Amino acid sequence: MVLPRIWERFRSGNLHLTLLSCLRTRMLRQVLHRGLRTCFSRLGYFVANHPVFFASAPVLISILLGASFSKYGIEDNVEYLLAPQHSLAKIERNLVDSFFPVNRSKHRLYSDLQTPGRYGRVIITSSTKANMLDQHHTELILKLHSSVAKIQVHMMDFSYTFAHLCVLDNEKSCIVDDIIHILEHIKTQRSLNQTGFTITYPITHLKDGREVYIGHQLGGVTLQGKDRVRSAEAVQLTYYLQAVNSLNDALAEKWELLFCKTIKLFEESNKEIKLYPFTSATLKEDFQQTSIISEEYLITALVLVVVMAILCCSMWDCVRSKPWLGLLGLVTMSLATLTAAGIINLTGGKYHSTLLGLPLIVLGHGLYGTFEMLSSWRKTREDQHVKERVATVYADSMLSFSLNTLMYLVTFGIGASPFTNIEAARIFCCNTCIAVLFNYLYILSFYGSSLVFTGYIESNYQHSIFCKKVPKPDVLQEKPAWYRFIMTTKFSEDATNSDGTIAYENHLLICFLKRYYSDWITNTYVKPFVVLFYLIYISFALMGYLQVTEGSDLSNIVATETGTTAYTTAQQKYFSNYSPVIGFYIYESIEYWNTSVQEDVLEYTKGFVRISWFESYLNYLRKLNMSTGLPKKNFTDILRHSFLKKTQFYHFSEDIIFSEKNNELEVAASRMFLVAKTMETKRKELYDLLETLRKLSFTSKVKFIIFNPSFVFMDRYSSSVGAPLQHSCISALFVLFFSAFLVADSLINVWVTVTVASVEFGVLGFMTLWKVELDCISVLCLIYGINYTIDNVAPMMSTFVLGKDFTRTRWVKNTLELHGVAILQSYLCFTVGLIPLSTVPSNLTRTLFRCLFLIAFVTFFHCFAILPVVLTFLPPSKKKRKEKKNPDHCEEIECVEMVDIDSTRVVDQITTV
């Protein structure tokens, strides 16, 4: 039934056209593939003809462009770098500032409600978990407060104190935290032997009757009864400064520095308490601290990579060993990074700590390219001229390396586009594109010319390190033992056979892969265990993938032993019972006299601790409605009476924007402050709270917005962080699809895509299990993981898929022998370079190390375990080589004849052909 259909389709022309189309496509790919190989071969021949120029030009360019990097700028604006650029929270902040400027907030400066500004903050605890409200600690806190108030900033022959720089209230007095008034009142009562004053939590009453929220000032609270405070383990004090102009801002900046010094000196003189200072400049200083403390670790990493690269390129054979190529490969990448840094600096770019991972990305990409070129060199014939060998190296390795470089430029180029909403990620991707491009150009030129020079050293039988001519074996035997040890080599007459490759098999890694590992990994009894191990790998990866969390905590980007980390830890420990104060702003004139409107407003804030005179005012209006009913005219009269006569509701002027229309006083905007009960996972709960209130604000009858400065970093953070990764994955798939026309078989790209998906899934899952959150740094590493995997997998897949005439197992072994050494060498060097990074006391470098190590390890696991096993029983299929026989099934015999002295013909050797 099937054959007649095929015959009919063939007769009708459909099958014929289909086969013809497939044949044309395959031929087109082969023509393009051969054409590109020919172009790279000619490029290699051109480089070999002008090695001096291609060696000197990159060095001169790097010196000229890199010299400008000696005076580089530093970007320390953390919000600019890490907050989403297009954030609704920023629009809401501008709207809030237009209605309620900071100087209008007065006593409502809870947790920097609108803008961080300039401030100094300190958490005071006891090393013995003592009660901070007892007499001794109360006096210490007040003493510390006095010391802070006396800080003097000298500028222009004048001394400025906190009283000159502080934010003022209506009475032109400095605004200080309410807990200071409470502690002063407690001290006064104790001096008078009075004990009538009690503190309630989180809302208490001052001696003047004001109701205040102290949840952010009193921490580690133990309650007696419902809300009465028995003890507290921590107290937080905040000192807000004015920064209305450049001079005032400079004074505030100096005051913050003196504030930290004062806190440190006070802690040294009072060992029984622990102090955790924090200022508006602490975060940006600690953000750059990672670069400072990482310098010595990066130098150590560079030394280790140099040593490992030299060892990986070395052999026992002193002629065929290439230690200088290992060193010059790292020099090539250093020149490319320096050139890119110079260009970025000349174009106005600034340096910041997230760029620490850039040299590692260039290293990972460049190492495999250089080792693959060296591997191709080992496959060439020694009897060829150096120029021909270099041309062959370029033809064999540069096509794959060029496509991989194109993948880097596309994936990171998408990340550098305006689609990326995180500025730090966009800058990093832009810089990576420049560095990878120059790395590619310098490998083609500088490293290629280095290969030419070392090739001439080898062809002249000179020592690979000392460049001294190696004597012949008979002459070498007359030399001392140490000299023979240094000059160990094999000459051409006994080093190679017809294919000229045996001499290089003495390399340790080549010998290991060819004689031991390739046979072991393809063993029938080993394959089931590898498949089982892969299933375990997928299971754990899935478990981690289901637990992925988004990391918008700014402490994840700073050094661990800094003020930011210490303060954040103390804040989470003692003040996590309640979330930061959230501003609830109604930005329209609504019918406040209407009972239903009052109930709606209070309903939206149900479940929160409400902090506002305005909330009391609504309750007062509701009582009037219940008793007499309240028309609009009466409501206006009450407002005017309260505002003009300065009754107890006069303080509403801090929370209400009044407007007069038709001789009637109306409320144009109003606000109250909300605090939610939270657990230890406060940040996640706060993010969920933001999303819930945001959705409610879009659908509610009353037009309101909610805002807290932390919302600027959290708003749409997940979509902003994940966008570069999504765009890069899409662009990678597009490039893989497009490059199917540049490779000889499209099945190569299918296997590469499947492998990249498996690696990325595993890395994402395991990094979550390793307590790495999905933030800006980890997402950039995942983008790099796509390219790193393609770097290592694409040449392997190309060799395997294009192989003919042998079994799958035989071609798996051939693939490991041809490309396994380059993968193993680059993996060893890359991993060694990561080891010092793991010891840097910084959360940023910790994330870098864990992500990059997982990417390298999982890719290595796929290249040396998963793929060699899976490819032995999955497509493409291979055909066994058939022995050629003559039509009569007779074997051809080659006879070698020798003639003796008596001219007797004797058959000396019989060989089956």
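Residues numbered from 1 in each chain as written. Predicted model: local features only at pLDDT ≥ 70, side-chain atom pairs only at ≥ 80, totals over all residues. Heavy atoms only, no water.

1. Describing the overall build of the protein chain
Alright, step 1. From N to C terminus, the protein chain includes 32 helices and 17 strands.
Alright, step 2. For the protein chain, with 913 residues in total, the buried portion stands at 53%.
Alright, step 3. Sequence separation of 24 or more characterises 77% of the internal contacts of the protein chain that already satisfy a separation of 6 or more.
Alright, step 4. Here the protein chain has roughly 43300 Å² of accessible surface; of this, 60% comes from carbon and sulfur atoms. (Helix = DSSP H or I, 4+ residues; strand = E, 2+ residues; numbered from the N terminus. Buried < 20%, exposed > 50% of the residue type's maximum accessible area, 1.4 Å probe, protein only. Contact = heavy atoms within 4.5 Å. Areas by Shrake-Rupley, 256 points an atom, 1.4 Å probe, with all protein chains shown as cover.)

2. A few points about the pairing of strand β11 (residues 582-586)
Alright, step 1. With respect to burial, β11 is a largely interior element, 5 of its 5 residues being buried.
Alright, step 2. Neither face of β11 is left uncovered, since the one carrying I582, F584 and I586 and the one carrying G583 and Y585 both have all their residues buried.
Alright, step 3. As judged from the 4 bridges shared by β11 and strand β15 (residues 704-707), these two strands associate in the antiparallel manner. Paired with I586 across the strands is F704, a residue of β15. (Pairing = 2+ DSSP bridges.)

3. Quick notes on the state of the cysteines
Alright, step 1. Applying the stated criterion across every chain yields a total of 1 disulfide.
Alright, step 2. Put simply, C166 and C174 are joined by a disulfide, and their sulfur atoms are 1.9 Å apart. Here the S-S torsion is close to -70 degrees, and the disulfide linking C166 with C174 is therefore left-handed.
Alright, step 3. Under the relative-accessibility criterion, C166 is labelled buried at 0%. (Disulfide = S-S within 2.5 Å.)

4. Notes on the packing of helix α14 (residues 358-379) against helix α16 (residues 423-459)
Alright, step 1. For the pair α14 and α16, interaxial distance at closest approach is 9 Å and the crossing angle is 30 degrees. Between α14 and α16, the angle falls in the class roughly parallel. The two elements α14 and α16 cross, and the hand of that crossing is right-handed. Judged by residue contacts, L358, I361, V362, H365, G366, T370, M373 and W377 of α14 engage F428, N431, T432, A435, V436, N439, I443, Y447, G448, L451, G455 and E458 from α16. (Axes fitted to C-alpha atoms, helices over the stretch in contact; angles between N-to-C directions. Parallel < 35°, antiparallel > 145°, perpendicular 65-115°, else oblique. Left-handed = near helix turned anticlockwise from the far one by under 90°.)

5. Remarks on the sheet that holds strand β7 (residues 218-224)
Alright, step 1. The strand order across the open sheet formed by 4 strands is β7-β8-β2-β9, and the pairing between neighbours is antiparallel. Across the chains shown, the open sheet's two edge strands, defined by having one partner strand only, are β7 and β9 (273-279). When the angles between neighbouring strand axes are averaged without regard to direction, this sheet yields 20 degrees.
Alright, step 2. Across 8 bridges, strand β2 (residues 118-126) lies against strand β8 (residues 228-241) in antiparallel orientation.

6. Considering the packing of α14 against helix α30 (residues 776-802)
Alright, step 1. The geometry of α14 relative to α30 is characterised by a closest axis approach of 10 Å and an angle of 5 degrees between their N-to-C directions. Taken together, the axis directions place α14 and α30 in an arrangement best described as roughly parallel. Contacts between α14 and α30 involve L360, I361, G364, H365, Y368 and E372 from the former and Y784, Y788, D791, N792 and P795 from the latter.
Alright, step 2. In terms of residue class, the contact of α14 with α30 is made up of 6 nonpolar, 3 polar and 2 charged. (Nonpolar A, V, L, I, M, F, W, Y, C, P; charged D, E, K, R; others polar.)

7. Re unusual backbone geometry
Alright, step 1. The residue after Y201, namely P202, is reached through a cis peptide bond having omega 5 degrees.
Alright, step 2. Within the fold, P202 resides in the loop between α9 (178-191) and β5 (203-205).
Alright, step 3. Positive phi, close to 50 degrees, is recorded for M156, a residue that is not glycine.
Alright, step 4. The residue M156 is located in the loop between β3 (153-155) and β4 (158-160) in this model.
Alright, step 5. Its relative accessible area of 59% is what places M156 among the exposed residues.

8. Regarding the nonpolar core
Alright, step 1. Counting residues in each nonpolar core, the largest one holds 221 residues, and the members touching the most others are L218, L237, W255, F412, V752, Y784 and L852.
Alright, step 2. If near-sequence neighbours (up to four positions away) are discounted, F412 is found in contact with I361, F428, C429, T432, C433, L780, I783, Y784 and N787.
Alright, step 3. Within the second largest apolar cluster, 7 residues are counted, among which are C318, V319, Y483 and M487. (Core = buried A, V, L, I, M, F, W, Y, C linked by side-chain atoms within 4.5 Å.)

9. Looking at the layout of surface pockets
Alright, step 1. By volume, the second largest pocket is sized at about 1100 Å³.
Alright, step 2. In this structure, the second largest pocket is lined by 33 residues; those nearest its centre are L298, T337, L355, L356 and P359.
Alright, step 3. Of all the secondary-structure elements, those providing two or more residues to the lining of the second largest pocket are α11 (282-293), α12 (295-312), α13 (323-346), β10 (350-351) and α14.
Alright, step 4. A total of 9 residues in the lining of the second largest pocket trace back to one element, the largest contributor, which is α13.
Alright, step 5. Looking at the lining of the second largest pocket residue by residue, the class counts come to 23 nonpolar, 8 polar and 2 charged. (1 Å grid on protein atoms, 1.4 Å probe; cavity = no way out; pocket = protein on both sides within 12 Å on 5 of 7 lines; lining within 4 Å. Points joined across faces, edges and corners; volume = space filled by probe spheres on them.)

10. Some points on a nonpolar patch on the surface
Alright, step 1. A cluster of nonpolar residues, V531, L532, F533, L535, I536, F540, M543, L769, F873 and L874, forms a patch on the protein surface that exposes about 870 Å² of accessible area.
Alright, step 2. Looking at which element gives the most residues to the nonpolar patch, the answer is helix α21 (residues 527-545), with 7 residues.
Alright, step 3. You can see F873 is positioned in the loop between α32 (843-870) and β16 (893-899).
Alright, step 4. Assessed through its relative accessible area of 45%, F873 is described here as partly exposed. (Patch = residues over 30% accessible without salt bridge, like charges linked within 9 Å, V, L, I, M, F, W, Y side chains within 5 Å. Salt bridge = Lys/Arg side-chain N within 4 Å of Asp/Glu carboxyl O.)

11. Some thoughts on the side chain of T755
Alright, step 1. By the element assignment, T755 lies in helix α29 (residues 747-769).
Alright, step 2. From its side chain, T755 meets the backbone oxygen of W751 in a polar contact 2.8 Å long.
Alright, step 3. Apart from the residues within four sequence positions on either side, T755 is in contact with T789, V793, H862 and L867. (Polar contact = N/O pair within 3.5 Å; in protein donor to acceptor, adjacent residues only side chain to side chain.)

12. Details of the side chain of S731
Alright, step 1. Positionally, S731 belongs in helix α28 (residues 717-738).
Alright, step 2. Owing to a relative accessible area of 7%, S731 belongs among the buried residues under this scheme.

13. Concerning the pattern of salt bridges
If the charged atoms of two oppositely charged side chains come close together, the side chains can form a pair.
Alright, step 1. According to the stated counting rule, one finds 13 salt bridges in the structure shown.
Alright, step 2. With a shortest N-O distance of 3.0 Å, R118 and E256 are connected by a salt bridge. Separated by 138 residues along the polypeptide, R118 in strand β2 and E256 in helix α10 (residues 246-269) bring together distant segments of the chain.
Alright, step 3. Residue R118 is classed as buried on the basis of its relative accessible area of 10%.
Alright, step 4. Judged by its relative accessible area of 2%, E256 falls in the buried class.
Alright, step 5. For E458, the salt bridge is made with K322, and the minimal N-O distance between the two is 2.5 Å. One end of the pair, E458, is in helix α16; the other, K322, is in the loop between α12 and α13, and 136 residues separate them in sequence.
Alright, step 6. Residue E458 is classed as buried on the basis of its relative accessible area, which comes to 4%.
Alright, step 7. When salt bridges with common partners are traced through the structure, they connect R118, D249 and E256 into a single cluster.

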